[in-house]
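Descriptive analysis of the structure
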Amino acid sequence: MTLHHKFVEHVPDVMEPNILYVSIPYCTAMHLCVCGCGNEVVTPISPVDWQLKFNGKTISLSPSIGNWNFECRSHYWIIDNKVKYSGNWSDEKVASGRADERRRKDKYFGEVSAKTKGGITMKSKKKKKSRFQRFKSFFSFFNF
């Protein structure tokens, strides 16, 4: 299956199937689930969410898109405007993936686990990056 991309400021109220809408001002890509269920898939573009690559002709999103909260539980990659289906994940693998995602976000935003006390993880904040460093890091992911 091939998706066509459209650069937009705002995603239309009614999305068309097989179109990947990309809003650079809002750092978001959206499309209808490729399985045909009609669910709207939102992929925030950021250093800790999805990365968008545009080579002037095609778009790729990374990492894969796992619609674990949808009934269809579809899982796929968008590489060079092509949909590459991937296998379904078990509930345990989804939970592990979400935990990994939380750790990556905590690390990026400067939080580290200090210790566990009575089953509760206590967190402390590391020194945050400057606004310029975060800005520079964020835009380094766009390969225009």
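Above: the structure in question.
This is a predicted model, so every value here is computed, not measured. Here the residue index of a chain counts from 1 through its sequence in written order. For this predicted model, a pLDDT threshold of at least 70 governs which residues receive local features, and a threshold of 80 or more governs which side-chain atom pairs are given and counted, while totals over whole chains, interfaces and linings are taken from all residues. Side-chain descriptors were evaluated using all non-hydrogen atoms of the structure, hydrogens and water having been removed beforehand.

What to know about the overall build of the chain
Note the cut-off: Numbered from the N terminus, helices here are DSSP runs of H or I no shorter than four residues, and strands are runs of E no shorter than two. Each residue is assigned to one of three classes by its accessible area relative to the maximum for its type, calculated with a 1.4 Å probe on protein chains only: buried under 20%, partly exposed between the two thresholds, exposed over 50%. In what follows, residue pairs with any heavy atoms lying within 4.5 Å of each other are defined as contacts. Residue burial considers only the protein chains on display, and all accessible areas are found by Shrake-Rupley using a 1.4 Å probe.
In terms of regular secondary structure, the chain is built from two helices and 10 strands. When the helices and strands of the chain are read in sequence order from the N terminus, they spell out β-β-β-β-β-β-β-β-α-β-β-α. Counting the 144 residues in the chain, one finds 33% classified as buried. Put simply, 33% of the contacts in the chain that link residues at least 6 apart link residues at least 24 apart. Taken as a whole, the chain presents about 9,500 Å² of accessible surface, with 54% of it coming from carbon and sulfur.

Re the pattern of salt bridges
The criterion, for reference: Definition used for salt bridges: Asp or Glu carboxyl oxygen within 4 Å of a side-chain nitrogen of Lys or Arg.
This structure, assessed with the given rule, holds six salt bridges. Two residues, Asp100 and Arg103, come together in a salt bridge whose shortest N-O distance is 2.2 Å. In this pair, Asp100 and Arg103 are both assigned in helix α1 (residues 91-108), three residues apart and thus about one turn of the helix distant. Judged by its relative accessible area of 33%, Asp100 is partly exposed. Through salt bridges with shared partners, a single ionic network connects Asp49, Glu101 and Lys105.

Concerning the pairing of strand β7 (residues 75-79)
On a regular strand, one side chain projects to one face of the sheet and the next to the other, so that they alternate. Rules: A pair of strands is treated as paired once DSSP finds two or more bridges between them.
Pairing geometry for strand β6 (residues 59-66) and β7, over three bridges, is antiparallel. Note that in β7 the partner of Ile65 across the bridge is Tyr76. Two successive antiparallel strands, β7 and strand β8 (residues 82-85), enclose a turn made up of two residues, where Asp80 displays a positive phi of approximately 50 degrees.

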